[in-house]
Amino acid sequence: MTEIWLHNTRTRKKELFEPLTPDNVRMYVCGPTVYDRAHLGNARPVVVFDVLYRLLRHVYGADHVRYVRNFTDVDDKINATALARKEAGAEGSLEDLIHERTEETIGWYLSDMAALGALEPTDMPRATGYIAQMIAMIEGLIAGGHAYAAEGHVLFRVRSYKAYGGLSGRSVDDMIAGARVEVAPYKEDPMDFVLWKPSSDDLPGWDSPWGRGRPGWHIECSAMSYELLGDSFDIHGGGNDLMFPHHENEIAQSCCAHPQGGFARFWLHNEMLQVEGKKMSKSLGNFFTVHDLLEQGVPGEVIRFVFLGTHYRRPMDWTEKKRGEAQRELELWANIISVDPEVLDAGVDRKLVDGEIVAAIADDLNTSLALTKLRALARFIDNGSEFLQLSRNEQFTKRKVFVASADLLGFDVIQMARAAKQRRSTPDLEHFSLLLAHARIEAKETKDFSEVDRLKTAFVDAGLEVRMSKDSIELVPTPDFDAAKLEALK
Ligand code: AMP
Ligand code: ZN
């Protein structure tokens, strides 16, 4: 079995990964707060952990990996966007508008991430679906002396958890010095963080033993991971901007609420996507969205390729130069596959993945090395004299190895090749509509419409819808469109 080595933030070492239960490998990744479209930086953890998910499925079997990524759908920023809509005259209650906003944002998120080739996780819980579990967990923390209620809030007592700060390797005092902790009269200690807070009547809220309110952000992930993955699981991921305070707080809550469990064993953190040396973020305003890029015609696989060219634990920039290189490389990949229709028909045989490419990914997700090897394989197939000396069957196998290896990195080259082929074979419909236009002009003079009828019948037969108005003709392909049938008309 392939050995997987992963850098564990907790120990700061690359460690051999061995799941608690190989037939149920469990991973949790912090998902987005759904108030607006994902910016390009938000897509980096999605692509990174998608590669890890694919690797785990490859090694342990697709049915033996459970991947949970949450949606934070209760948050002040969501409330603010809904309120702004209401003030701008939108119809419906604030609650309706909040729901509308979160559902709309989740839909955008899923379609943007699918465009990047990311598989959907096995579970995508919404925080609002787990409020009862959060309340139960908070009650347990209070009973254990790890939390206290004060003025409608419930706070976690940080000093009650001796190991606090262990993930990032900092002491509580250092963290207080460095963090922007909120000082509030109801806190015993400025470091204590919110598990539950009161909601005013106009904001979303749930009944609780501490009055009507809503959960703090950190408790969401602790409650959802416990509910779906149990008190001990294999991997917890997210961007390194979440390490403190979010992940330290998740650990404190989960380990105090379920001391019998170990919570997450491996902690993986991706570095930030940057713009001129600064983290891309909504608050700095230095961002563009995934959707912006897709709209500009940058294919999702190009974005993926650029991301995977840099190791996940290094910061990276998005540059026009990288985009251009990725685009050219992916065009080559599509071409070397599209010349062989049998490969297209054979689909992906995942068993055929190149061993060196798996080994590179399994070495703490060395995706840039995996890409280098895939590029070399593409070149070998494209112009190697050695390749031409292989038998027809061996060439076929090489192409299939290429398809399977690209698939492990999340590139659907079969689909890319089909699209390229389609682009090449799509006839110039403009040419055919002109043919019909000329025939119509002539027919109006000669009163002989037989050529017009002949062309129309041929177009319809080829699966084109013929839209004729007084001064325009449009040919629209239907799903039955067959370009080959137009050949005879040329
Ligand atoms: P948020 O909705 O801000 O909590 O972010 C969702 C995910 O995106 C988290 O895992 C963050 O760590 C990650 N993230 C946010 N900004 C960036 C960035 N510039 N580069 C990489 N990851 C980021
Ligand atoms: Zn989280």
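Residues numbered from 1 in each chain as written. Chains lettered and ligands numbered in written order. Predicted model: local features only at pLDDT ≥ 70, side-chain atom pairs only at ≥ 80, totals over all residues. Heavy atoms only, no water.

**Here we look at the overall build of the protein chain**
Then, in step 1: The secondary structure content of the protein chain amounts to 18 helices and 15 strands.
Then, in step 2: Structurally, the protein chain occupies a C-alpha span of about 95 × 65 × 40 Å along its principal axes.
Then, in step 3: Taking the intrachain contacts of the protein chain between residues at least 6 apart in sequence as the baseline, contacts between residues at least 24 apart amount to 74%.
Then, in step 4: For the protein chain, the accessible surface area stands at approximately 22800 Å², while carbon and sulfur atoms represent 50% of it.
Then, in step 5: With 58 positive and 75 negative side-chain charges, the protein chain shows a spacing of 4 Å between the two charge centroids. (Helix = DSSP H or I, 4+ residues; strand = E, 2+ residues; numbered from the N terminus. Contact = heavy atoms within 4.5 Å. Areas by Shrake-Rupley, 256 points an atom, 1.4 Å probe, with all protein chains shown as cover. Lys, Arg positive; Asp, Glu negative; His and termini not counted. Charge placed at Lys NZ, Arg CZ, Asp CG, Glu CD.)

**Overview of the site of ligand 1**
Then, in step 1: The environment of ligand 1 is made up of 17 residues, and the closest members are G41, G239, D241, L273 and M280.
Then, in step 2: In this structure, an oxygen atom belonging to ligand 1 sits 3.2 Å away from a main-chain N or O atom of G239.
Then, in step 3: Side-chain polar atom of D241 to an oxygen atom of ligand 1: 2.5 Å apart, as the coordinates give it.
Then, in step 4: A total of 490 Å² of accessible area belongs to ligand 1 in isolation, and the protein chains cover 88% of it.
Then, in step 5: For the shell around ligand 1, the leading source of residues is helix α1 (residues 40–60), giving 4 residues.
Then, in step 6: In terms of residue class, the shell around ligand 1 is built from 7 nonpolar, 6 polar and 4 charged. (Near = heavy atom within 4 Å. Polar contact = N/O pair within 3.5 Å; in protein donor to acceptor, adjacent residues only side chain to side chain. Nonpolar A, V, L, I, M, F, W, Y, C, P; charged D, E, K, R; others polar.)

**Digging into the pattern of salt bridges**
Then, in step 1: Summed over the entire model, instances satisfying the criterion amount to 30 salt bridges.
Then, in step 2: Between E320 and R323 there is a salt bridge, with the nearest N and O atoms lying 2.7 Å from each other. Taken together, the residues E320 and R323, both in helix α10 (residues 320–338) and 3 residues apart, mark about one turn of the helix.
Then, in step 3: Residue classification places E320 among the exposed positions, given a relative accessible area of 52%.
Then, in step 4: Residue R454 is joined to E451 by a salt bridge in which the shortest nitrogen-to-oxygen separation is 3.0 Å. One end of the pair is R454 and the other is E451, both in helix α18 (residues 450–461) and 3 residues apart, which spans about a single turn.
Then, in step 5: Exposure remark for R454: the relative accessible area of 45% places this residue in the partly exposed category.
Then, in step 6: Within this structure, D36, R85, E100, R101 and E104 form a network of salt bridges that share partners. (Salt bridge = Lys/Arg side-chain N within 4 Å of Asp/Glu carboxyl O. Buried < 20%, exposed > 50% of the residue type's maximum accessible area, 1.4 Å probe, protein only.)

**Section: the nonpolar core**
Then, in step 1: Ranked by size, the top nonpolar core spans 89 residues in total, and within it L52, L56, W333 and F402 carry the most contacts.
Then, in step 2: Of the residues forming this core, the biggest block, 13 residues, is contributed by α1.
Then, in step 3: Each of domain 1 (5–270) and domain 2 (275–424) accounts for three or more of the residues forming this core.
Then, in step 4: Among residues more than four places away in sequence, those in contact with L56 are I4, F17, V25, M27, G61, V65 and I235.
Then, in step 5: Ranked by size, the runner-up nonpolar core spans 43 residues in total, among them A127, L141, V172 and L229. (Core = buried A, V, L, I, M, F, W, Y, C linked by side-chain atoms within 4.5 Å. Domains from an automatic or database assignment.)

**Section: the packing of helix α6 (residues 217–229) against helix α7 (residues 243–257)**
Then, in step 1: It is the contact of α6 with α7, at a shortest axis distance of 9 Å, that shows an interaxial angle of 50 degrees. Judged by the angle between their axes, α6 and α7 are oblique. The handedness of the crossing between α6 and α7 comes out as right-handed. Here W217, H218, I219, C221 and S222 of α6 lie close against α7, whose contacting residues are P245, H246, N249, E250, Q253 and S254. (Axes fitted to C-alpha atoms, helices over the stretch in contact; angles between N-to-C directions. Parallel < 35°, antiparallel > 145°, perpendicular 65-115°, else oblique. Left-handed = near helix turned anticlockwise from the far one by under 90°.)

**Focus on the coordination of the zinc ion (ligand 2)**
Then, in step 1: The protein atoms that coordinate the zinc ion (ligand 2) are C30 (SG), C221 (SG), H246 (NE2) and E250 (OE), at distances of 2.1 to 2.3 Å.
Then, in step 2: Within one chain, the residues serving as donors to the zinc ion (ligand 2) are arranged as C-x190-C-x24-H-x3-E. In this pair, C30 is assigned in the loop between β3 (25–29) and α1 and H246 in helix α7, connecting sequence segments 216 residues apart. (Donors = N, O, S within 2.8 Å, 3.2 Å for Na, K, Ca; no water.)

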